[in-house]
Amino acid sequence: MVAAAVLLGCTAVLGIVIGSTSVGIDDVLALAFGADADQTAANVIWNIRLPRVLAALLAGAALAQAGALIQAALDNPLASPNIIGVNAGSGFFVLLAACTFPNAFGLAPVAAFLGALCVAGLIFAVAGLGGSSRLTVVLAGMAFTSIFTAGMNTILIVNPDAYVGASGFLIGGLSGVKLDELIVPSCAIYAVLVLGLLQGTQLNLLSLGEHQAHSLGLNVRRTRLAALVSAAALAGCAVSIAGLVGFVGLIVPHAVRALVGHDNRRVLAMAPLLGGLLVCLCDLLARTMFAPYEIPVGIVLSLLGGPFFVYLILRRGKGGLNG
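Per chain, the residues get numbers from 1 upward, laid out in the order the sequence is written. With the structure being a predicted model, the display of local features is reserved for residues of pLDDT at least 70 and the display and counting of side-chain atom pairs for 80 or more, all residues being used for whole-chain, interface and lining totals. Side-chain numbers come from the whole structure's heavy atoms, not from hydrogens or water.

Student: Can you help me understand the overall build of the chain in this one?
Tutor: Secondary structure elements are defined from DSSP: runs of H or I of at least 4 residues count as helices, runs of E of at least 2 residues count as strands, and each element is numbered from the N terminus. Per the secondary structure count, the chain includes 14 helices and 0 strands. Using C-alpha atoms as the atom set, the radius of gyration is obtained and then compared with a globule rule of 2.2 Å times the number of residues to the power 0.38. Against the 2.2 N^0.38 benchmark of 20 Å for 323 residues, the chain shows a C-alpha radius of gyration of 20 Å, consistent with a compact globule. Projecting the C-alpha coordinates of the chain onto the three principal axes gives extents of approximately 65 × 50 × 35 Å. Remark: exposure states derive from per-residue accessible area (1.4 Å probe, protein chains only) relative to the maximum for the residue type, with buried under 20%, exposed over 50%, and partly exposed in between. Within the chain, buried positions represent 50% of all 323 residues.

Here is the structure:
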């Protein structure tokens with residue numbers, strides 16, 4: 001965890017120092033130590049790079065712990081906010097709120113949370129009615145993703161001006177993020193991250209199996225519901241910041257378990273660090289690979305996450321999906 005925190009800090013500093021413009025470390029040091037800094041450089045650092053780095057850290061931390069919570073609650077290593085439809089539900093509610101209440105600035109985090117909570121509840125219901133197999137959850141998530149994606153496309157066709165920068169939002173990107181837009185989501189993310197950490201012991205009991213956990217006095221339904229609500233809140237806040245960024249909640253929990261084992265107390269503590277590191281690093285690559293042009297960070301994460309998802313399916317085989 002110490003090593004991850006150090007790497008996270010170094011990557012964040014690189015994200016502020018390096019970019020698609022000529023603003024470099026000299027300008028950052030001058031601004032940090034109160035020296036006379038170029039006004040253009042100061043504007044780039046304060047209004048573009050710093051908000052973008054903070055947004056990457058917040059979104060990555062939130063999505064990573066959300067993925068860990070969902071996988072533990074559903075006992076499904078293939079589950080993540082984007083795969084089971086939580087991100088799509090958040091995005092649909094954000095666009096619906098923007099279309100219905102165009103002047104209600106700051107409504108996006110609330111709408112995103114409600115959308116994520118709605119999909120999490122639907123997944124919870126389907127898993128209970130159709131059998132809680134891994135295949136059932138994944139297929140239900142794909143169905144909900146398709147439905148809410150169709151809803152988002154319908155809104156944008158009927159009202160193209162419903163959401164400024166909708167194309168970047170649908171792909172997942174951090175360009176145009178402002179510091180004042182991060183205040184509400186950051187407070188919510190910090191609070192829910194702490195709540196998520198407190199659920200580690202209960203999720204460890206849940207991993208023993210429903211009957212064994214129940215015999216040990218655990219309320220299985222309440223534990224799963226609390227984990228899914230926390231994951232929905234985290235994913236919703238992340239979507240309101242970074243759009244429909246995918247695969248962070250899938251990749252990071254597996255990487256964390258490879259490093260610290262399957263104890264959910266450690267996984268839920270480590271996941272936000274590696275999640276922030278992953279998104280910040282991918283955003284840095286997205287900004288610099290084709291400089292002075294930039295690509296949305298969602299594209300880079302999809303290029304990483306898609307093959308990783310296929311790898312998980314192939315590794316676990318047909319029996320792993322149906323388990």
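The structure having been displayed, the exposition proceeds.
Student: Any chance you could explain the packing of aromatic side chains here in plain terms?
Tutor: Two aromatic rings, taken as a pair, are described by how far apart their centres are and by the angle between their planes. Side-chain rings of Phe, Tyr and Trp (the six-membered ring for Trp) are treated as a pair once their centres are within 6.5 Å; stacked means planes under 30 degrees apart, edge-to-face means over 60, and tilted covers the remaining angles. Scanning all chains against the criterion turns up 3 aromatic pairs. On the basis of an interplanar angle of 75° and a centroid distance of 5.9 Å, the ring pair of F92 and F93 is categorised as edge-to-face. By relative accessible area, F92 is classed as buried at 18%. Residue F93 is classed as partly exposed on the basis of its relative accessible area, which comes to 24%. Taken together, a centroid distance of 6.1 Å and an interplanar angle of 45° make the contact between F308 and Y311 tilted. Placement of both F308 and Y311 in helix α14 (residues 297-322) is noted, with a separation of 3 residues, approximately one turn of the helix.

Student: Even after reading the chapter, I still don't get the pattern of salt bridges, so can you show me in this structure?
Tutor: A side chain with one charge can pair with a side chain of the opposite charge if their charged atoms come near. Counted as salt bridges are all cases of a side-chain nitrogen of Lys or Arg within 4 Å of a carboxyl oxygen of Asp or Glu. In this structure the tally under the stated criterion is 5 salt bridges. Among the ionic pairs, E294 bridges to R52, the shortest N-O distance being 2.8 Å. Linking E294 in the loop between α13 (264-288) and α14 with R52 in helix α3 (residues 39-74), this pair joins segments that are 242 residues apart in sequence. Taking the relative accessible area as the measure of exposure, R52 reaches 4% and is therefore buried. Between D283 and R287 there is a salt bridge, and its shortest N-O distance comes to 3.4 Å. With D283 and R287 both in helix α13 and 4 residues apart, the pair spans about one turn of that helix. Like D283, the residue R287 is buried in the burial classification.

Student: Is there a simple way to think about unusual backbone geometry in this case?
Tutor: What is expected of a backbone is that most residues other than glycine have negative phi and most peptide bonds are trans. Positioned with a positive phi, D75 is a non-glycine residue whose angle comes to about 50°. Among the residues examined, D75 registers a relative accessible area of 47% and is labelled partly exposed. Phi angles above zero are rare outside glycine, and F247 is one such case at about 75°.

Student: So what exactly am I meant to see when it comes to the packing of helix α12 (residues 248-260) against α13 here?
Tutor: The angle between the axes and the distance between the axes are what describe a pair of packed helices. For helices, the axis comes from a line fit to the C-alpha atoms of the stretch in contact; other axes are also lines fit to C-alpha atoms, and the angle between any two N-to-C directions lies between 0 and 180 degrees. Two numbers describe how α12 lies on α13: the axes approach to 9 Å, and their chain directions differ by 125°. Judged by the angle between their axes, α12 and α13 are oblique. Handedness of the α12/α13 crossing: right-handed. When α12 is examined against α13, the residues V248, V252, A255, V256, R257, L259 and V260 are found in contact with a partner set consisting of R266, V267, M270, A271, L274, G275, L278 and V279. By the convention adopted, Pro, Cys, Tyr, Trp, Phe, Met, Ile, Leu, Val and Ala count as nonpolar, Lys, Arg, Asp and Glu as charged, and the other residues, Gly among them, as polar. Of the residues belonging to the contact of α12 with α13, the class tally is 12 nonpolar, 1 polar and 2 charged. The labels follow the angle: roughly parallel below 35 degrees, roughly antiparallel above 145, roughly perpendicular from 65 to 115, and oblique for the rest. By the definition used in this description, the sense in which the near helix is turned from the far one sets the handedness, with an anticlockwise turn below a right angle giving left-handed and a clockwise turn giving right-handed. Throughout, a contact is declared for two residues whenever any of their heavy atoms are within 4.5 Å.

Student: Please explain the environment of V279 as it appears in this structure.
Tutor: Along the chain, V279 falls in helix α13. Taking relative accessible area as the criterion, V279 reaches 3% and is therefore assigned buried. Along the sequence, V279 and A68 sit 211 residues apart, while their C-alpha atoms lie 16 Å from each other. Sequence-distant contacts of V279, that is, excluding residues within four places in its chain, are made with A56, G60, L174, V248, V297 and L301.

Student: Can you walk me through the packing of helix α2 (residues 25-32) against α3 in this structure?
Tutor: Remark: α2 packs on α3, axes separated minimally by 10 Å, with the N-to-C direction vectors making an angle of 85°. Between α2 and α3, the crossing angle belongs to the class labelled roughly perpendicular. Residue-level contacts link D27, V28 and L31 of α2 to A41, A42, I45 and W46 of α3. When the residues that make up the contact of α2 with α3 are grouped by side-chain class, the tally is 6 nonpolar, no polar and 1 charged.

Student: Explanation requested: the environment of L29 in the structure shown.
Tutor: Counting through the fold element by element, L29 comes out in helix α2. In this structure the C-alpha to C-alpha distance between L29 and V17, which are 12 residues apart in sequence, comes to 9.2 Å.

Student: Could you clarify how one ought to interpret a nonpolar patch on the surface in this entry?
Tutor: Residues L281, L285, M289, F290 and Y293 make up a contiguous nonpolar surface patch of roughly 540 Å² in combined accessible area. Within the element layout of this structure, L281 appears in helix α13. Among the residues examined, L281 registers a relative accessible area of 41% and is labelled partly exposed. Without a salt bridge and with relative accessible area above 30%, a residue can belong to a patch; like charges are then joined within 9 Å and nonpolar side chains (Val, Leu, Ile, Met, Phe, Trp, Tyr) within 5 Å. In short, Shrake-Rupley with a 1.4 Å probe defines the accessible areas, and a residue's cover is counted only from the protein chains shown.

Student: Mind showing me how you'd approach the confidence of the model for the chain here?
Tutor: When pLDDT drops low, the exact placement of atoms in the prediction is not to be read closely. Confidence along the chain averages 84 in pLDDT terms, with 92% of residues attaining 70 or more. Think of pLDDT as the predictor's per-residue confidence, scored from 0 to 100. Taking the mean pLDDT of every element in the chain, the minimum, 73, falls on α2 and the maximum, 93, on α13. For residues 319-323, every residue scores under 50 in pLDDT, and the model assigns this stretch 8 contacts once sequence neighbours within four places are set aside.

Student: Quick question: what am I supposed to make of the side chain of D283 here?
Tutor: On the basis of relative accessibility, which here comes to 1%, the residue D283 falls in the buried class. Side chain to side chain, D283 and R52 meet in a polar contact 3.0 Å long. Setting aside its immediate chain neighbours within four residues, D283 contacts R52, L174 and V297. Two N or O atoms form a polar contact when they lie within 3.5 Å of each other; inside protein one atom must be a possible hydrogen donor and the other a possible acceptor, and for residues adjacent in sequence the pair counts only when both atoms belong to side chains.

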